[in-house]
Amino acid sequence: MRHADRIAGAALLASGVAFSAAALKYYSYWGPGGPGSGFLPFWLGIVMAVLAGLLLVGALRSPEAGPGWLPRGEGLKRLVAVLAVTAAFVALLHAVGMMLGTVLFLVALLRFLEGYRWSVTLGVAVVMAAVNYLVFTFWLRVPFPLGPLGF
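Cut-offs applied
Residues numbered from 1 in each chain as written. Predicted model: local features only at pLDDT ≥ 70, side-chain atom pairs only at ≥ 80, totals over all residues. Heavy atoms only, no water. Axes fitted to C-alpha atoms, helices over the stretch in contact; angles between N-to-C directions. Helix = DSSP H or I, 4+ residues; strand = E, 2+ residues; numbered from the N terminus. Parallel < 35°, antiparallel > 145°, perpendicular 65-115°, else oblique. Left-handed = near helix turned anticlockwise from the far one by under 90°. Nonpolar A, V, L, I, M, F, W, Y, C, P; charged D, E, K, R; others polar. Contact = heavy atoms within 4.5 Å. Core = buried A, V, L, I, M, F, W, Y, C linked by side-chain atoms within 4.5 Å. Buried < 20%, exposed > 50% of the residue type's maximum accessible area, 1.4 Å probe, protein only. Expected span 1.5 Å × (residues − 1). Arc of directions from axis to C-beta.

Draft legend 1. Just the packing of helix H1 (residues 2-26) against helix H2 (residues 39-61), in detail. Taken N-terminus to C-terminus, the directions of H1 and H2 make an angle of 160°; their axes are 7 Å apart at the nearest point. As the angle between them shows, H1 and H2 are arranged roughly antiparallel. Considering the relative orientation of H1 and H2, their crossing is left-handed. Broken down by class, the residue content of the contact of H1 with H2 amounts to 19 nonpolar, six polar and three charged.

Draft legend 2. Here's a closer look at the environment of Ala129. Mapping Ala129 onto the fold places it in helix H5 (residues 118-139). Through-space distance from the C-alpha of Ala129 to that of Leu106 is 9.0 Å; in sequence the pair is 23 residues apart. Non-local contacts of Ala129, meaning those with residues more than four positions away in its chain, are made with Met99, Thr102 and Val103.

Draft legend 3. Summary view of the nonpolar core. Within the largest apolar cluster, seven residues are counted, these being Met99, Val103, Leu106, Val107, Leu110, Ala125 and Ala129. Listing elements by their share of this core, those giving two or more residues are helix H4 (98-113) and H5. With five residues, the single largest contributor to this core is H4. When neighbours within four sequence positions are excluded, Leu110 is seen to be in contact with Gly115, Tyr116, Thr121 and Val124.

Draft legend 4. Representation of H5 within the structure. If you check H5, its first and last C-alpha atoms are 30 Å apart, about what 22 residues at 1.5 Å a residue would give, namely 32 Å. Within H5, burial applies to Thr121, Ala125, Ala129 and Asn132. Considered in projection along H5, the buried side chains sweep an arc of 65° and stay on one side of the axis. The exposed residues of H5 that point more than 90 degrees off its buried face are Ser119 and Trp139. Arg141, located one to two residues past H5, shows a positive phi value of around 60°.

Shown next as structure tokens:
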């Protein structure tokens, strides 16, 4: 595991630094009215670089190899299932729309992977799709892909 942590830590550290540098290069850090469009990406990159640095230092200081980083058995099956459901969600997003896609995604995870009752599964899926829609469409004004039903 330490070898994987070293590789991931170094890659994430480089990504965080590059992200912050790109934010400063392509966006304004500060404008006349306060923080500019590069302010948040810059600091997110800094936080990412610091956390990656901590991961890298911890991995370099640990002499033992640690457990394997890839799950086995049932854990590997669950990981593959989550990745497959996520890939299907992304692939079908423009065909079914964001709202229905979110509901189907959460139903697949909650009911078929986690085994929750249908009432809980449908309640969580519908409420989270609605919250997702309200936050992005009304608050942030980000248009969602619409499905054949118009939502």
